[in-house]
Amino acid sequence: MNGMKPQKSFAHVPTDGANTAGGSSVFGGQAPSHKKWLTGIKENIWAYVFLAPALLLFGIFFVYPFVYSSYLSFMDWNLYNDAKEFVGLANYQALFGDPVFWKAALNTGLYVIGTVPVSMILALGLAILVEKAGKLKEFYRFLLFIPVVASIAVVGIIWSLLYSPAGGFINQMLALIGIQGPNWLNDPKFALVSLMIIGIWSAVGYNMVLYIAGLKGIDPQLYEAAELDGASGWQQFWKITVPQLSPVSFFVFIISIFNSFQVFSTIHIMTQGGPNNATNVVIYQMYQEAFQFFNIGKASALTFVIFCAVLLLTVVFIRSTQRNVHYE
Amino acid sequence: MAVPTKKIKAGFFHSFMFGVILAILFPLLWMVLVSIRPADQVFGASLFFSTSFSLESYKQVFEQRPLGVWMMNTAVVSILQTAGQVMIAIFAAFAFSYFRFPGRDVLFYFVLVTMIVPLQALMVPTYLIVDTMGWLNSFAAVIVPTLASGYAIFLMRQFFLQVPKELTEAAKMDGCGPLRILRNIYLPVSIPAITALSAILFVTNWNEYYWPLLVLTDEMKQVLPVAITSFTNEGIVDWGPTMAVATLTVLPVMVLYFFLQKNFVESFSQSGLK
């Protein structure tokens, strides 16, 4: 970890590393000769050639799907019938009039609010502990990162067994101390929380690694100076560690929000959005509308809504980065 | 006097860390334990202390299910996917880092947008496109839509920006074209980075769930993460064999992670995306 600050890459993206190939004739200090200018054009053609495969694929599998689903959101179509009927805004009306959509939107928000702060706090705690571990630092980091690498499908399966109401490990442990555990995944009060716990579990190691990188970037002299002034460990944490980590925290915060916003696999494997939509989220509802109810129009309307929500969130974040986060 | 206190403190600290790590890794340990116990001992805390050992579950899945086919499918799909993603990313990132051409910044912003928008959000139209092309139940359906990876392009560009400019300038003086500069300077310098990126992409592709779930429905075409969920959809779940498949799904990734851990963790943290 060379003390890199990941968020830098976002902030400085298009300006750093400006290159020289085409620009050499401009900055070379001499009048651009005809030949050099031609070479510039030639080299630029190479740039477009190199970009072509990526841009072509993005066009087919990113831009076009977006345009296509916007179009479908105005159509009534059940996937197996060739006839698409133009229905205006009916799909959007159906979506916004559907209590399941509002339930799913609320659940998505709850899931994000429930997982992001907890996983960040735990990750910071673990990062600080790991940094204090001396020779075993790397080893601990290696172990704590393992859940991130495990397939989310497998994770869902394992936790289904752990949560199982009768013989599952969690309820057996609770029984030992005299508590009768709930039916985690089938009780509307506990189902979403159960999924949040998994979300936190699989995100912590990842956030921890980002925090470890951030901690390494803090100038040790700050702590030495605080030590001389007689600041306690707790004061040092609040007055040095937390403010110094604020860019990293901001980065972790955004990444965590986008990742938890996308939760799908654990829901599909463990609860299918149930019981009674207690774990339905917007991405899952979109899946249900398209692939279970074959209501492509409504699913596409939801796709468009999610897309807009993500873009809006991104714009808000970019603006607040420019305003609030100090990089140096 | 000071030395022993310090040692006790350290001992306490490391036992605490050991406890925390054990708690966090517990679900994965449980998976392995369930997979190597006799069928009648799957439930219960006694499992933890039980000494009985049986590979019955593994034998059972290998005999009753096309496990070899699933493993092969997963390997083929993720290797092809990774190779394609890395190649496309190398060319795109080279264009972004070596050239200065009209539209570069706009196009790069566009790549960033593709990273931010969750692909899950586009699953419906993408499914319809793949269906139109007649790719359902073929590996092309899994591989092609993910070949252009904004994440891979972004990371590769970060690596390429670190290539010393003196090197490229010297090569240009000698009359090297862009292709030769890419091959003789950028690629050799970036080999560790490319290895790390490939490993991360491979793991992500190997673990991919929601997309193969939609486009590969034929049992013989399935990949492990999707195949394993079919075990729990059968009413009464046979946990031993299920966890055997789970263990086999995670194992290759863990081996890779073990050998490339350092690069792996660092590159992961540079990117911001899983």
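Every value quoted in this text rests on a predicted model; they were computed, and no experiment measured them.

Conventions and cut-offs
Residues numbered from 1 in each chain as written. Chains lettered and ligands numbered in written order. Predicted model: local features only at pLDDT ≥ 70, side-chain atom pairs only at ≥ 80, totals over all residues. Heavy atoms only, no water. Helix = DSSP H or I, 4+ residues; strand = E, 2+ residues; numbered from the N terminus. Buried < 20%, exposed > 50% of the residue type's maximum accessible area, 1.4 Å probe, protein only. Contact = heavy atoms within 4.5 Å. Areas by Shrake-Rupley, 256 points an atom, 1.4 Å probe, with all protein chains shown as cover. Polar contact = N/O pair within 3.5 Å; in protein donor to acceptor, adjacent residues only side chain to side chain. Buried area = accessible area lost by both parts, 1.4 Å probe. Salt bridge = Lys/Arg side-chain N within 4 Å of Asp/Glu carboxyl O. Patch = residues over 30% accessible without salt bridge, like charges linked within 9 Å, V, L, I, M, F, W, Y side chains within 5 Å. UniProt positions renumbered as here; feature names shortened; annotations may be inferred. Expected span 1.5 Å × (residues − 1). Phe/Tyr/Trp six-rings, centres within 6.5 Å; stacked < 30°, edge-to-face > 60°. Lys NZ or Arg CZ within 6 Å of the ring centre and 35° of its normal. Axes fitted to C-alpha atoms, helices over the stretch in contact; angles between N-to-C directions. Parallel < 35°, antiparallel > 145°, perpendicular 65-115°, else oblique. Left-handed = near helix turned anticlockwise from the far one by under 90°. Nonpolar A, V, L, I, M, F, W, Y, C, P; charged D, E, K, R; others polar.

1. A closer look at the overall build of chain A
A tally of regular secondary structure across chain A gives 15 helices and two strands. Across the 328 residues in chain A, those meeting the buried criterion constitute 53%. Pairs at least 24 apart in sequence give 66% of the contacts found in chain A among residues at least 6 apart. A total accessible area of about 15,400 Å² is found for chain A, and carbon and sulfur atoms account for 66% of it.

2. Comments concerning the overall build of chain B
For chain B, the helix and strand inventory stands at 15 helices and zero strands. The buried share of chain B, reckoned over its 274 residues, is 56%. At a minimum sequence separation of 6, the contacts of chain B that also span at least 24 residues come to 71%. Within the structure as shown, chain B displays about 11,700 Å² of accessible surface, and the carbon and sulfur contribution to it stands at 69%.

3. Looking at the side chain of T247 of chain B
All names here are of chain B. By the secondary structure assignment, T247 is in helix α14 (residues 239–259). Looking at T247, its side chain comes within polar contact range of the main-chain oxygen of M243, at 2.6 Å. Every residue in contact with T247, bar those within four places of it in the chain, is listed here: M31, V32, S35 and Y58.

4. Side note on the interface of chain A and chain B
Across the contact, 101 residues belong to chain A and 103 residues belong to chain B. Carbon and sulfur atoms make up 78% of the area that chain A and chain B hide from each other, which totals about 9,400 Å². Looking only at chain A, the three residues that lose the most surface to chain B are F50, F61 and L161 of chain A, adding up to 8% of its buried area. If you look at where chain A meets chain B, you find zero salt bridges.

5. Considering a nonpolar patch on the surface
Taken together, the side chains of I45, W46 and V49 of chain A together with L179 of chain B present a nonpolar region at the surface, about 350 Å² in accessible area. In terms of residues, the nonpolar patch owes the most to one element, helix α3 (residues 34–72) of chain A, which gives three residues. Positionally, V49 of chain A belongs in helix α3. Among the residues examined, V49 of chain A registers a relative accessible area of 46% and is labelled partly exposed.

6. Comments concerning the UniProt feature "transmembrane region" (unreviewed entry) in chain A
Residue and element names in this part refer to chain A. According to UniProt, the "transmembrane region" (unreviewed entry) feature falls on residues 45–67, 109–130, 142–163, 190–213, 248–270 and 290–318. As a span, residues 142–163 carries 91% helix and 0% strand, and end to end its C-alpha atoms are 27 Å apart. Taken as a whole, residues 290–318 contains 86% helix and 0% strand, while its terminal C-alpha atoms sit 32 Å from one another.

7. Some points on the pattern of salt bridges
One pass over the structure, following the stated rule, counts six salt bridges over all chains. Between E219 of chain B and R65 of chain B there is a salt bridge, and its shortest N-O distance comes to 4.0 Å. With E219 of chain B in the loop between α12 (210–215) and α13 (224–229) and R65 of chain B in the loop between α3 (56–64) and α4 (67–98), the pair connects residues that are 154 residues apart, well separated along the chain. Overlapping salt bridges, with partners in common, bring together D98, E289 and K298 of chain A in one network.

8. Some thoughts on helix α11 (residues 191–207) of chain B
The end-to-end C-alpha distance of α11 of chain B is 24 Å, a good match for the 24 Å that 17 residues give at a rise of 1.5 Å each. Counted residue by residue, α11 of chain B has 12 buried out of 17 residues, so it is predominantly covered.

9. Focus: the packing of aromatic side chains
Applying the stated criterion across every chain yields a total of 52 aromatic pairs over all chains. Between W159 of chain A and W201 of chain A, the ring centres sit 5.8 Å apart and the planes meet at 65°, which makes this aromatic pair edge-to-face. Here W201 of chain A lies in helix α9 (residues 191–216) and W159 of chain A lies in helix α7 (residues 152–163), a separation of 42 residues in the sequence. Residue W201 of chain A is classed as buried on the basis of its relative accessible area of 11%. Ring centres of F291 of chain A and Y127 of chain B lie 4.8 Å apart, and the angle between their planes is 80°; on these two criteria the pair is classed as edge-to-face. With F291 of chain A in helix α14 (residues 282–291) and Y127 of chain B in helix α6 (residues 123–132), the pair connects residues from two separate chains. A single burial state applies to F291 of chain A and to Y127 of chain B, both of which are buried. In this structure, R157 of chain B is placed above the aromatic ring of F108 of chain B, and the distance from its NZ or CZ to the ring centre is 4.1 Å.

10. Looking at the UniProt feature "transmembrane region" (unreviewed entry) in chain B
Residues and elements named next belong to chain B. When the UniProt feature table is mapped onto this chain, "transmembrane region" (unreviewed entry) is found at residues 12–33, 75–99, 106–129, 135–155, 185–206 and 239–260. Secondary structure over residues 135–155 splits into 52% helix and 0% strand, and the C-alpha atoms at its two ends are 30 Å apart. Within the segment residues 185–206, helix and strand shares are 95% and 0% respectively, and the terminal C-alpha atoms sit 31 Å apart.

11. Here we look at the packing of α4 of chain B against helix α8 (residues 150–160) of chain B
Residue and element names in this part refer to chain B. Relative orientation of the contacting elements α4 and α8 amounts to 50°, with a least axis distance of 8 Å. Put simply, α4 runs oblique to α8. Judged by the sense of rotation from one axis to the other, the crossing of α4 with α8 is right-handed. Along its contact with α4, which presents Q85, V86, A89, I90, A92, A93, F94, F96 and S97, the element α8 presents A152, I153, M156, R157 and F160. Partitioned by chemical class, the residues of the contact of α4 with α8 number 11 nonpolar, two polar and one charged.

12. Looking at the side chain of S256 of chain A
All names here are of chain A. Tracing the chain through its elements places S256 in helix α12 (residues 246–261). A polar atom in the side chain of S256 sits 3.5 Å from the side chain of N207. In contact with S256, other than residues within four places in its own chain, are V116 and N207.

13. Things to note about unusual backbone geometry
Phi is positive for Q272 of chain A, which is not a glycine, with a value near 50°. Checked against the element boundaries, Q272 of chain A lands in the loop between α13 (265–270) and α14.

14. Section: the environment of N259 of chain A
Residue and element names in this part refer to chain A. In this fold, N259 is placed in helix α12. The class of N259 is partly exposed, set by a relative accessible area of 25%. Separated by 56 residues in the primary sequence, N259 and A203 place their C-alpha atoms 8.8 Å from one another.

15. Here's the deal with the environment of W239 of chain B
Of note, W239 of chain B is situated in helix α14. With 208 residues separating them in the primary sequence, W239 of chain B and M31 of chain B have C-alpha atoms 9.3 Å apart.

16. With respect to the environment of V112 of chain A
Tracing the backbone through its elements, the reader meets V112 of chain A in helix α5 (residues 99–131). Sequence-wise, V112 of chain A and S256 of chain A are 144 residues apart; in three dimensions their C-alpha atoms are separated by 8.2 Å.

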